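A closer look at the structure
Next come the chains, spelled out residue by residue.
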Amino acid sequence: MQKISVLLFLAWVCFLFYAGIALFTSGFLLTRLELTNHSTCQEPPGPGSLPRGSQGEPRTCWMASRFSRVVLVLIDALRFDFAQPQRSHMPGEPPVSLPFLGKLGSLQRILETQPHHARLYRSQVDPPTTTMQRLKALTTGSLPTFIDAGSNFASHAITEDNLIKQLTSAGRRVVFMGDDTWKDLFPGAFSQAFFFPSFNVRDLHTVDSGILEHLYPTMDSGEWDVLIAHFLGVDHCGHKHGPHHPEMAKKLSQMDQVIQGLVERLENDTLLVVAGDHGMTMNGDHGGDSELEVSAALFLYSPTALFPSAPPEEPEVIPQVSLVPTLALLLGLPIPFGNIGEVMAELFSGGEDSQPHSSSLAQATALHLNAQQVSRFLHTYSAATQDLQAKELHQLQNLFSKASADYQWFLQSPQGAEATLRTVIAELQKFLRGARAMCIESWARFSLSFLLLHLLAAGTPIITPGPFTVPWQAVLAWALMATQTFYSTGHQPVFPAIHWHAAFVGFPEGHGSSTWLPALLVGANTFASHLLFAVGCPLLLLWPFLCESQGLRKRQLPPGNEAEARVRPEEEEEPLMEMRLRDAPHHFNAALLQLGLKYLFVLGVQILACALAASILRRHLMVWKVFAPKFIFEALGFIVSSVGLLLGIALVMRVDGAVSSWFRQLVLAQQR
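Residues numbered from 1 in each chain as written. Predicted model: local features only at pLDDT ≥ 70, side-chain atom pairs only at ≥ 80, totals over all residues. Heavy atoms only, no water.

Under the convention used in this document: UniProt positions are given in the numbering used here, feature names are shortened, and annotations may be inferred rather than shown by experiment.
The name given to the protein chain in an unreviewed UniProt entry is GPI ethanolamine phosphate transferase 3, catalytic subunit, and the organism recorded there is Propithecus coquereli. Recorded in UniProt under Sequence similarities (unreviewed entry), the annotation for the protein chain is "Belongs to the PIGG/PIGN/PIGO family. PIGO subfamily." Taken verbatim from the UniProt record of the protein chain, the Pathway (unreviewed entry) comment is "Glycolipid biosynthesis; glycosylphosphatidylinositol-anchor biosynthesis."

A word on the environment of Leu636
Note the following rule: The helix and strand labels rest on DSSP assignments: H or I over at least four residues marks a helix, E over at least two residues marks a strand, and numbering proceeds from the N terminus. Remark: exposure states derive from per-residue accessible area (1.4 Å probe, protein chains only) relative to the maximum for the residue type, with buried under 20%, exposed over 50%, and partly exposed in between.
With respect to the secondary-structure elements, Leu636 resides in helix α21 (residues 623-671). Overall, Leu636 belongs to the partly exposed group, its relative accessible area being 41%. With 29 residues separating them along the chain, Leu636 and Ile607 place their C-alpha atoms 9.9 Å apart.

Points about the pattern of salt bridges
The condition that has to hold: A pairing counts as a salt bridge when a side-chain nitrogen of Lys or Arg comes within 4 Å of a carboxyl oxygen of Asp or Glu.
Overall, the coordinates contain 11 salt bridges when judged by the stated rule. The shortest N-O distance in the salt bridge between Arg265 and Asp220 comes to 3.5 Å. Linking Arg265 in helix α8 (residues 246-265) with Asp220 in helix α6 (residues 206-221), this pair joins segments that are 45 residues apart in sequence. The network of salt bridges with common partners includes Lys402, Asp406 and Glu427.

Brief notes about the state of the cysteines
Stated precisely, the cut-off is as follows: Two cysteine sulfur atoms form a disulfide, by the criterion used here, when they sit within 2.5 Å.
Throughout the structure, instances matching the rule amount to 1 disulfide. Paired through a disulfide, Cys41 and Cys61 show a sulfur-sulfur distance of 2.0 Å. Since a negative S-S torsion denotes a left-handed disulfide, the Cys41-Cys61 link at about -130° is left-handed. Of the two residues, Cys41 is situated in the loop between α1 (3-28) and β1 (69-75) and Cys61 in the loop between α1 and β1; the sequence distance between them amounts to 20 residues.

Here we look at the sheet that holds strand β6 (residues 270-275)
Test applied: In this analysis, strands are considered paired if DSSP registers two or more bridges between them. Axis definition: a line fitted to C-alpha atoms, over the contacting stretch in the case of helices. Angles run 0 to 180 degrees between N-to-C directions.
Ordered in space as β4-β3-β5-β1-β6-β7-β2-β8, the 8 strands form an open sheet in which the pairing is mixed. Because the sheet does not close on itself, it has two edges, and the strands there are β4 (192-196) and β8 (317-319). Averaged over all pairs of adjacent strands, the angle between their axes in this sheet comes to 20°, without regard to strand direction. Examined bridge by bridge, strand β2 (residues 118-124) and strand β7 (residues 295-301) share 7 bridges and lie antiparallel to one another. Residue pairing for β7: Leu120 is matched across the bridge by Phe299.

Written as structure tokens, this is what we have:
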């Protein structure tokens, strides 16, 4: 068997596994079709007339704008409890003292002194809790795919309809400062921008100091309509020190001063939004879906009254994507086409002096526009692909039709229909929440095509080349040692456990704007055990010789027959160890092929088990916390191991060729 044939055959088997992994990934990991449709003011979201006051006025579209300007302060990894005050568990006891509690005191003071002007919400984040995916959700109102977590190192421009595009299309001046991830997501979208490198998590101050250098002068200049400031210090402090470190208290205190400075400069037509894109674990990491990672803070404030009532004792929990349609309608913009978020109806109630009937009508109007937009998206999406559940989609459309008919009937005869209005609001909210739940469920499906290719690859015949067979237990032990080394070096198959500090080994000052080098260093640290054991797998060819050598020693020295063994002629002894390969060189390549197929089979069984677990339990509560990350790590580990195996076999073949050439020269020299 030729060397090149062995490598090509193994590469073909690897390709079958890769194709199976790709098919499963496309069918399971929260995948969806990204539509290129865009909402416009000229095209209403559904049939029927637009609300009164939404046409003919400046800066209005589907609905009359309530604010002319918005200041969006995005504090990366601002966990919800970071915005909470220090409180006692029991009356009379001293408050719980943690470094991150009570440092955003300005939020609490505003909530107490101006209860109709501000609200604090618990923003429920959809996994994965990585920054790029959260930015996509915060601007499109959709659910980024789970597998996009890998592209957190290399962001790509958003092609879907989004708030930034709607703002620029409406001629609004959008000024940005902070995390340079926005530069890749929205290239050329900002009228003015100040980008700062974001990957060096050991640097707590460069990005934040750069923002503060431009933030207040930009506000005072007035040359903006939407101002976005993305601070990274809290997130980097979490990665470097964790949330319980004194440095976290300093960072949060700095953010508190920033919020106070902004509140003092706000005008009556301006809305302040302070939001966290995700939370962080007790160790300061994020990426998964633990309670601490998916719980972020959201704070809204305006100098004019926003709410007719005081805030509840416990902050309301809202999905993070709800901010997208809310901001769009408050600014008089169309809701992005692919949004599946629900408007925060309370913000459309008017101030503390508004009448209950007019408040309910404004809420119903905003919800109806939102429901029309979501219904249009579902109709367009279902026509383009078959991802959505047909039965659930039909039920939702019936619910929307009834709610829309009730809303239109109320507009024609509004007297004495307060109960009908409340019913309409409840029906519209039920439709919006049901649509979002259906999308989350439908975009996480399992493709059986993976099993077909995987079984085809796993069923590849394994030949038996004779005396050089490596036993299955040796191959299995080798693969298990690679897995054991992965865990014993402190790794776990979950995103928060990734050793991000490995990106700075040898580069304590960071990498500048480069992303591929830190990604390579982190990957090498994570999958080093897979690579080393795969490259060293061909060494298992020595296993039969070692076992044979030990067996010969026992047979040559039986008890009481040492003298007989000493008088045996030397010519009866068989060559041992590697020299046996020289007597049968045609078996060597076949032995490598057999070993490679066995190792790939063991690895394939591991990833197949992970895929089956993830697919069977795809509706399980822990699917995005345990099973999906485990599959991703196993898939990447398989790719690294298979490439390492091919490299190891190629290296052994190269060494064998050199030794064979030297051996032939030695034989010729002896014959002379």
